[in-house]
Amino acid sequence: MSNQLFTISLVVPVYNEEESIDTFIETIDKELAPLRDQLQIVFVNDGSRDKTREVVEKAIERDNRVSLINLARNFGKEAAMTAGLAHARGDAVIPMDVDLQDPPALVLEFVRLWREEGYDTVYGVRTDRNADTAMKRLTAGGFYRFFNAVSTTTKIPENAGDFRLMDRRVVEAINQLPERNRFMKGLFAWAGFRSIGVPYARPERAAGTTKFNYWKLWNFALDGLFSFSSWPLRVWSYVGAGVAGISFLYMLIIILKVLFVGVDSPGYASLMCVILFLGGVQLLSIGIMGEYIGRMFLEVKQRPVFLIEGVYGQYAQQKAVESKEEDKQA
Ligand code: UDP
Ligand code: MG
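Please read these numbers as outputs of a predicted model, since none were measured by experiment.

The next subject is the pattern of salt bridges. The tally for this structure, following the rule as stated, stands at 22 salt bridges. Across the pair Arg202 and Asp102 runs a salt bridge whose closest N-O atoms are separated by 2.9 Å. Of this pair, Arg202 sits in the loop between strand 7 (195-201) and helix 8 (214-228) while Asp102 sits in the loop between strand 4 (92-95) and helix 4 (106-116), and the two are 100 residues apart along the sequence. Using a relative accessible area of 9% as the deciding quantity, one classes Arg202 as buried. Overall, Asp102 belongs to the buried group, its relative accessible area being 4%. Counted as one network, the salt bridges with shared partners bring together Lys77, Asp97, Asp102, Asp162 and Arg202.

Next comes the structure, spelled out in structure tokens:
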């Protein structure tokens with residue numbers, strides 16, 4: 001690795017993770033020893049209700065490479081990452097989970113590909129998801145395939161997560177995106193630049209429990225899909241055309257039957273089927289439109305993605321120095 005000085009910010013969103021933080025910092029120190037003086041660790045406290053904040057503040061006292069962005073409440077992992085990315089100053093930024101499911105040792109390989117081979121984005125690809133349940137593997141795989149089939153502009157590499165190294169210019173591009181609906185995996189992939197994947201086996205959570213249940217994941221998947229594809233809207237034109245075509249044929253059959261065979265009155269069952277089926281199809285398509293209108297509503301309101309209660313540690317000190325210098329200049 002070249003010794004030219006560069007800095008790397010690890011952006012670590014934390015939500016009720018008091019038991020994981022110290023282990024995380026220790027493991028980073030051990031496994032990323034060659035990068036020791038070039039690392040900054042930016043914890044984003046996403047409205048934890050346990051002692052997460054206190055644990056990070058203690059770490060700041062011990063270690064001046066640690067900073068804390070304290071959000072005003074729980075805004076979700078995507079918002080927490082957005083806040084971290086906006087504040088991180090490193091020449092490269094790496095979003096990382098605090099539970100050590102993103103193996104720190106891999107960062108050395110990320111950095112090598114970034115510095116020596118000139119990649120702007122180096123993302124981890126989970127080859128072995130044995131730590132996940134069979135159900136999660138199946139649904140996650142299905143989601144990536146469906147997403148990539150219906151999203152024309154952005155393809156997410158299958159089994160890539162948020163764990164990745166991004167060059168400063170990629171981070172700047174992401175920071176400029178104005179949307180409130182922040183499906184980060186999609187935004188990362190959207191930015192493009194020169195990218196490469198590095199395979200790794202995803203270990204189990206080191207401590208604590210997962211913060212995502214299936215309902216949260218389902219909503220997360222919908223957010224991703226509806227923010228990156230208008231296919232669910234357009235598909236109804238085709239369904240409509242198909243149904244209209246079939247209806248027209250059926251109409252011809254009925255008219256011919258009346259002309260040549262005469263009127264027959266039974267038809268309750270078929271009528272009921274058609275009414276119920278079409279009613280269902282129409283409600284479904286209105287529901288899909290609702291999904292988009294709801295998201296437009298969210299964007300139009302222009303509320304910020306996150307609110308910061310305070311910034312502590314290195315970054316807060318840097319801010320103070322910057323404003324003093326501005327005073328001097330004035
Ligand atoms: N997280 C967060 N806000 C939330 C939920 C999760 O900041 O509302 C953080 C969490 O503390 C962890 C990371 O996001 O550092 C990944 O969460 P988790 O390990 O629970 O997800 P999983 O690995 O089970 O998908
Ligand atoms: Mg995890």
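Before going further, it helps to spend a moment on the sheet that holds strand 4. The sheet built from eight strands is open, its strands ordered 7-5-6-4-1-2-3-8 with mixed pairing. The sheet is open, and its two borders are formed by strand 7 and strand 8 (308-313), each paired with just one other strand. Averaged over all pairs of adjacent strands, the angle between strand axes in this sheet comes to 20°, irrespective of strand direction. Packing of helix 2 (residues 52-62) onto the sheet brings it into contact with strand 1 (8-14), strand 2 (39-45), strand 3 (66-71) and strand 8, and relative to strand 3 it is tilted by some 155°. Relative to the sheet, helix 4 contacts strand 1, strand 4, strand 5 (121-128), strand 6 (160-167) and strand 7, its axis offset from that of strand 6 by approximately 45°.

For the second largest pocket, the calculated volume is near 300 Å³. If you list the elements that add at least two residues to the lining of the second largest pocket, you get helix 9 (231-260) and helix 10 (268-301). For the lining of the second largest pocket, the element with the most residues is helix 9, which contributes five residues.

This next bit is on the coordination of the magnesium ion (ligand 2). All of the protein donors around the magnesium ion (ligand 2) are Asp99 (OD) and Gln101 (OE1); their distances to the metal are 1.9 to 2.0 Å. Grouping residues by exposure puts Asp99 and Gln101 together as buried.

A word on the environment of Tyr315. Note that Tyr315 resides in helix 11 (residues 314-329). A sequence separation of 94 residues divides Tyr315 from Ala221, and the C-alpha atoms of the two residues are 33 Å apart.

A separate point is the site of ligand 1. Near ligand 1 lie 18 residues; those nearest to it are Glu17, Asp46, Asp99, Thr210 and Lys211. Here an oxygen atom of ligand 1 and a side-chain polar atom of Glu17 are 2.6 Å apart. In the model, an oxygen atom of ligand 1 is placed 3.2 Å from a nitrogen or oxygen of the Asn74 side chain. Here ligand 1 has 530 Å² of accessible area as a free molecule, and 93% of this is covered by the chains. Class assignment for the residues of the shell around ligand 1 results in five nonpolar, four polar and nine charged.

Let's shift gears to the nonpolar core. In this structure, Ile8, Leu10, Val12, Phe24, Phe43 and Met96 are the most contacted members of the largest nonpolar core, which totals 37 residues. Considering each element in turn, this core owes the most residues, six residues, to helix 4. Here Val12 is in contact with Phe24, Ile41, Val42, Phe43, Val44, Met96, Asp97 and Val98, once residues within four sequence places are set aside. Grouped together as the second largest cluster of nonpolar side chains are 34 residues, Val44, Phe143, Met166 and Phe306 included.

Time to look at helix 5 (residues 134-150). When the terminal C-alpha atoms of helix 5 are compared, their 24 Å separation across 17 residues agrees well with the 24 Å that a helix rising 1.5 Å per residue should span. Residues Ala140, Gly141, Phe143, Tyr144, Phe147, Asn148 and Val150 constitute the buried set of helix 5. Residues of helix 5 that are buried sit in contact with strand 6, helix 7 (184-191), helix 8 and helix 9.

This part is about the side chain of His87. Tracing the sequence through the fold places His87 in helix 3 (residues 77-87). Given a relative accessible area of 15%, His87 falls into the buried group. If we ignore the near neighbours within four places in the chain, the residues touching His87 are Ile69, Ile308, Val311 and Tyr315.

Further remarks concern the packing of aromatic side chains. Within the structure shown, the criterion is met by 13 aromatic pairs. Where Phe6 meets Trp114, the ring centres are 5.2 Å apart and the plane angle is 90°; that geometry is what we call edge-to-face. Of this pair, Phe6 sits in the segment before strand 1 while Trp114 is found in helix 4, placing the two residues 108 residues apart along the sequence. Taking the relative accessible area as the measure of exposure, Trp114 reaches 7% and is therefore buried. An angle of 55° between the planes, with centres 5.8 Å apart, marks the rings of Phe147 and Phe228 as tilted. Remark: Phe228 occurs in helix 8 and Phe147 occurs in helix 5; sequence separation between them is 81 residues.

So, how was this worked out
Position numbers for residues start from 1 in each chain and track the written sequence from start to end. Chain letters start at A and ligand numbers start at 1, both assigned in the order the entries are written. Per-residue local features are limited, in this predicted model, to residues with pLDDT of at least 70; the limit for side-chain atom pairs, both in listing and counting, is 80 or more; totals at the level of whole chains, interfaces and linings are taken over all residues. Excluded from the side-chain calculation are hydrogens and water; included are all heavy atoms of the structure. Within this document, salt bridges are pairs made up of a side-chain nitrogen of Lys or Arg and a carboxyl oxygen of Asp or Glu, the two lying within 4 Å of each other. Helix numbers and strand numbers start at the N terminus; a helix is a DSSP run of H or I with at least 4 residues, a strand a run of E with at least 2. Residue burial is assigned from relative accessible area. The probe radius is 1.4 Å, only protein chains are included, and a residue is buried under 20% of its type maximum, exposed over 50%, and partly exposed in between. Strand pairing is defined by DSSP finding a minimum of two bridges between the two strands. Axis lines are fitted to C-alpha atoms, over the contacting stretch for helices. Their N-to-C directions set the angle, which ranges from 0 to 180 degrees. Working rule for contacts: check all heavy atoms of both residues, and any pair within 4.5 Å makes them a contact. Buriedness of a pocket was judged along seven lines, with at least five required to meet protein on both sides within 12 Å; pockets are open sets of points on a 1 Å grid over the protein atoms alone, cavities are sets where a 1.4 Å probe fits but cannot get out, and lining residues have an atom within 4 Å of a point. Grid points are joined across faces, edges and corners, and a volume is the space filled by probe spheres set on the points. Donor atoms: N, O and S within 2.8 Å of the metal, or within 3.2 Å for Na, K and Ca. Because water is excluded, sites can look incomplete. Residues are counted as near a molecule or strand when any one of their heavy atoms sits within 4 Å of it. Whenever a nitrogen or oxygen atom comes within 3.5 Å of another N or O atom, the pair is scored as a polar contact, on the condition that within protein one atom can donate a hydrogen and the other can accept it, and that pairs from neighbouring residues in sequence are kept only if both atoms are in side chains. Here the Shrake-Rupley method, with its probe set to 1.4 Å, supplies the accessible areas, and only the displayed protein chains count as covering residues. Side-chain classes follow a simple rule in which Ala, Val, Leu, Ile, Met, Phe, Trp, Tyr, Cys and Pro form the nonpolar group, Asp, Glu, Lys and Arg form the charged group, and the remainder, Gly included, forms the polar group. Definition used in this section: a nonpolar core is a set of buried Ala, Val, Leu, Ile, Met, Phe, Trp, Tyr and Cys residues joined via side-chain atoms within 4.5 Å. Given a helix with a known number of residues, its expected span is that number minus one, times 1.5 Å. Any two of the Phe, Tyr and Trp rings considered here, Trp counted by its six-membered ring, make a pair once their centres fall within 6.5 Å; the pair's planes then place it as stacked at under 30 degrees, edge-to-face at over 60, or tilted in between.

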